[in-house]
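# Architecture and fold: a report
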Amino acid sequence: MTNCAEPVDPTSTHRDKVDFTGVQWKSVEWTNICLLYLRACESASPHSILGDEFAARDVARIDYDFDRIHRVVRPEVNKYMVALRSAQFDALATDYLDRHPDAVVLHLGCGLHSRAMRLARPGTPWFDVDLPDVIALRRRLYAETGTYRMIGSSVTEPEWIEDLPRGGPVLILAEGLLMYITPGEVTDLLHRLLDRFDTGELIADFLSPWGPRMSKVLTKGLIKWGTHDGSEINRWEPRLRLAGDSPIMAGYHQIQPAPQRLLYRTQFAIRPIRNYDRLFRYAF
Ligand SMILES: C[S@@+](CC[C@H](N)C(=O)[O-])C[C@H]1O[C@@H](n2cnc3c(N)ncnc32)[C@H](O)[C@@H]1O
């Protein structure tokens with residue numbers, strides 16, 4: 001096998017192929033296909049950390065050059081980073097939904113993530129939000145239901161929030177998102193969300209200040225913001241209370257193959273690498 005795509009299950013109701021071949025190489029949509037592919041590869045591992053069976057199913061349905069993606073993203077090493085981060089988000093989200101079964105979920109910068117399909121309880125109002133082109137692609141994989149909605153908008157626009165219910169409790173998830181918008185845009189977004197919802201939690205990961213510095217040289221300034229300091233956005237939006245944080249690699253001991261576990265353990269021992277991407281949880 002040259003990539004992690006499994007043959008489509010002929011008994012599945014999702015066996016129809018989806019043509020993504022028009023997606024431009026290195027576009028934002030392409031990045032999301034790469035992340036989906038890494039989750040599919042990790043979930044095919046015998047001792048998967050994330051267990052995202054939807055990712056494997058989606059990759060099997062999508063018509064795209066996954067052999068080429070496979071060569072670029074090097075899943076044998078990189079699938080663990082993606083799985084470790086997503087698994088931490090899943091664990092914290094599950095914990096919140098256990099404590100607040102009546103919560104609304106906002107999944108900001110959702111990409112092609114299947115989190116809604118995996119974690120939403122029957123009746124959970126769940127809003128997946130991303131840029132219009134990403135949501136257009138996503139709509140080819142997933143359908144809306146009475147409780148599941150997709151919103152194609154930049155999170156920096158004020159209008160999309162008007163479509164949401166008010167009050168709360170709300171669970172706001174922002175995985176791999178806030179580093180792409182400026183501190184001013186993050187502040188405005190938080191003000192708007194906390195004006196709309198009285199109570200909830202925000203779970204988000206932040207890159208270290210090295211993120212924007214390196215991005216200036218390597219990725220034309222795509223990364224706009226980074227911080228080690230979880231209290232920074234407390235100061236921007238004082239209604240948020242920092243409730244916990246951890247490096248996204250914290251669960252590396254779950255990696256089963258010894259060489260990859262050793263690699264991640266070595267990286268974890270180096271402080272700037274360990275703290276390059278950290279997950280923060282805020283209550284309000
Ligand atoms: C690194 S990807 C992460 C995607 C997904 N959370 C995951 O973990 O697979 C970043 C996502 O943020 C989205 N994004 C970036 N800027 C955005 C904005 N201003 N509004 C909404 N989504 C945005 C991108 O389109 C992309 O889907």
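Residues numbered from 1 in each chain as written. Predicted model: local features only at pLDDT ≥ 70, side-chain atom pairs only at ≥ 80, totals over all residues. Heavy atoms only, no water.

Attention shifts here to the site of the ligand. As a structural note, the neighbourhood of the ligand is formed by 20 residues, with Asn32, Arg39, Gly109, Asp130 and Val155 the closest of them. The contact in question runs from an oxygen atom of the ligand to an N or O atom on the side chain of Arg39, over 2.8 Å. Residue contributions to the shell around the ligand peak at four residues, all from helix α1 (residues 28-43). Across the shell around the ligand, the residue classes break down as nine nonpolar, seven polar and four charged. Looking at the shell around the ligand, you find at least three residues from each of domain 1 (18-76) and domain 2 (84-283). (Near = heavy atom within 4 Å. Polar contact = N/O pair within 3.5 Å; in protein donor to acceptor, adjacent residues only side chain to side chain. Helix = DSSP H or I, 4+ residues; strand = E, 2+ residues; numbered from the N terminus. Nonpolar A, V, L, I, M, F, W, Y, C, P; charged D, E, K, R; others polar. Domains from an automatic or database assignment.)

Right, let's get into the pattern of salt bridges. A complete count under the given rule lists 22 salt bridges for this structure. The residue Arg99 makes a salt bridge to Asp95 at a minimum N-O spacing of 2.9 Å. Residue Arg99 and its partner Asp95 are located together in helix α4 (residues 75-99), separated by four residues, close to a single helical turn. Look at Arg99 and you get partly exposed, because its relative accessible area is 41%. The network of salt bridges with shared partners includes Arg39, Asp52, Arg85, Asp90, Arg115, Arg118, Glu175, Asp205 and Asp277. (Salt bridge = Lys/Arg side-chain N within 4 Å of Asp/Glu carboxyl O. Buried < 20%, exposed > 50% of the residue type's maximum accessible area, 1.4 Å probe, protein only.)

Gly168 connects to Pro169 through a cis peptide bond whose omega is 10°. Along the chain, Pro169 turns up in the loop between β5 (148-152) and β6 (170-174). Backbone geometry places Lys26, a non-glycine residue, at a positive phi of 70°. Here Lys220, not a glycine, exhibits a phi torsion of approximately 55°, which is positive. With respect to the helices and strands, the residue Lys220 is situated in the loop between α8 (210-218) and α9 (232-236). Given a relative accessible area of 84%, Lys220 falls into the exposed group.

Attention now goes to α1. Taking 1.5 Å as the rise per residue, α1 with 16 residues should run 22 Å; its terminal C-alpha atoms sit 23 Å apart, in good agreement. Taken across its 16 residues, α1 has 13 buried, putting it largely inside the fold. (Expected span 1.5 Å × (residues − 1).)

With that out of the way, let us pick up a nonpolar patch on the surface. A cluster of nonpolar side chains, namely Trp210, Met214, Val217 and Leu218, defines an oily patch on the protein surface of about 460 Å² accessible area. Mapped onto the elements, Met214 comes out in helix α8. For Met214, a relative accessible area of 35% translates into the label partly exposed. (Patch = residues over 30% accessible without salt bridge, like charges linked within 9 Å, V, L, I, M, F, W, Y side chains within 5 Å. Areas by Shrake-Rupley, 256 points an atom, 1.4 Å probe, with all protein chains shown as cover.)

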